[in-house]
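# Per-entry structural report
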Amino acid sequence: MECRLDGQVAVVTGASSGLGRAVALLYGQSGAAVVVNYHRDAEGAAEVVRQIGQAGGRALAVQADVAEEAAVEALFDAAARHFGGIDILVANSGLQQDAPVAKMTLEQWRRVIDVNLTGQFLCARAAIRRFRAQGRRPGAAPSLGKILCMSSVHEVIPWAGRVNYAASKGGVALLMRSLAQEVAAEGIRVNAIAPGAIRTPINAENTEGEAGEKLLSLIPYGRIGTPEDVARAALFLASDMADYVVGATLFVDGGMTLYPAFRDNG
Ligand code: BGC
């Protein structure tokens, strides 16, 4: 058995750059038709669509702010209209608005929770409604549908100066597991990926130069990750290779969650 997604339709949110982009490209290469959702970066999304098309795949760019209920509904309507159904959701959109807690504005708190947590709820709800309404699709996978939540090592590692982000990812952890428990009996598989330090635009500052060197001391495996590292995990979890994987979080972090400070006896 191979990790293939032939004949399936995937909605990838936040797919104009970073992790979402890498997931969309790999899904496209692996036979899925991909809905490349973006918020502001229309050009980035168009480029992802172009690259998928060039490699012989099918893709469509659709604008939506995942924090907006109506926009999420419209995104899933467009996906179903264009490709005839939906088999996979990768709820990937996420952002950071860092500030020490005393300086963090309510706006910064809300925006991060709205996109990173509420956005995943809205997208998962829309996907589950679709999976139920469309039923088993001809030639589809053994599951009724698959949902992947993009979490972070910060679903378990506290992160000073980013309480909004850490709280959103801690929320994603139990959103994912509770959803998985609720819908597994219908054949819907819900899982998560928790990336560590990956070179993407969201954290360019922390992964380059001196900051990048310092970061390496937190990564037992000795390198900063690439978006493709995460995309391969996302391909596995969405494929039938992972058909018995339900409610799991796959850490793709080079060992960052292994308490590396204890390597020298703490
Ligand atoms: C954040 C990155 C950070 C990484 C490890 C991710 O969730 O988006 O900025 O480098 O966690 O701390």
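Above this text you will find the structure in question.
Note that the structure is predicted; figures quoted are calculated from it, not measured.

What counts and how
- Residues numbered from 1 in each chain as written.
- Predicted model: local features only at pLDDT ≥ 70, side-chain atom pairs only at ≥ 80, totals over all residues.
- Heavy atoms only, no water.
- Helix = DSSP H or I, 4+ residues; strand = E, 2+ residues; numbered from the N terminus.
- Buried < 20%, exposed > 50% of the residue type's maximum accessible area, 1.4 Å probe, protein only.
- Areas by Shrake-Rupley, 256 points an atom, 1.4 Å probe, with all protein chains shown as cover.
- Lys, Arg positive; Asp, Glu negative; His and termini not counted.
- Charge placed at Lys NZ, Arg CZ, Asp CG, Glu CD.
- Pairing = 2+ DSSP bridges.
- Axes fitted to C-alpha atoms, helices over the stretch in contact; angles between N-to-C directions.
- Phe/Tyr/Trp six-rings, centres within 6.5 Å; stacked < 30°, edge-to-face > 60°.
- Near = heavy atom within 4 Å.
- Polar contact = N/O pair within 3.5 Å; in protein donor to acceptor, adjacent residues only side chain to side chain.
- Nonpolar A, V, L, I, M, F, W, Y, C, P; charged D, E, K, R; others polar.

## Re the overall build of the chain
Along the chain, the regular secondary structure elements total 8 helices and 7 strands. In terms of its C-alpha atoms, the chain occupies a principal-axis envelope of roughly 55 × 40 × 40 Å. When each of the 266 residues of the chain is scored for burial, the buried share is 50%. When the accessible surface of the chain is split by element, carbon and sulfur atoms take 53% of a total near 12500 Å². Computing the positive centroid from 25 side-chain charges and the negative centroid from 27, the chain places the two 3 Å apart.

## Some points on the sheet that holds strand 5 (residues 145-150)
The strand order across the open sheet built from 7 strands is 3-2-1-4-5-6-7, with neighbouring strands paired in parallel fashion. The open sheet has two edge strands with one neighbour each: strand 3 (58-63) and strand 7 (249-252). If you compare each strand with its neighbour and ignore which way they point, the axes differ by 15° on average. Examined bridge by bridge, strand 5 and strand 6 (residues 188-195) share 6 bridges and lie parallel to one another.

## Examining the packing of aromatic side chains
Enumeration over the complete set of coordinates arrives at 2 aromatic pairs. Ring centres of Trp159 and Tyr165 lie 5.7 Å apart, and the angle between their planes is 65°; on these two criteria the pair is classed as edge-to-face. Since its relative accessible area comes to 24%, Trp159 is described here as partly exposed. On the basis of relative accessible area, Tyr165 is assigned to the buried category, the value being 9%.

## So, the site of the ligand
In the vicinity of the ligand, the residues found are Gln96, Ser152, Val153, His154, Trp159, Tyr165, Gly196, Ala197, Asn203 and Met256. Contact between the ligand and Ser152: an oxygen atom at 2.6 Å from a side-chain N or O atom of the residue. Between an oxygen atom of the ligand and a side-chain N or O atom of Tyr165, the distance comes to 2.6 Å. Its residues assigned to classes, the shell around the ligand comprises 5 nonpolar, 5 polar and no charged.

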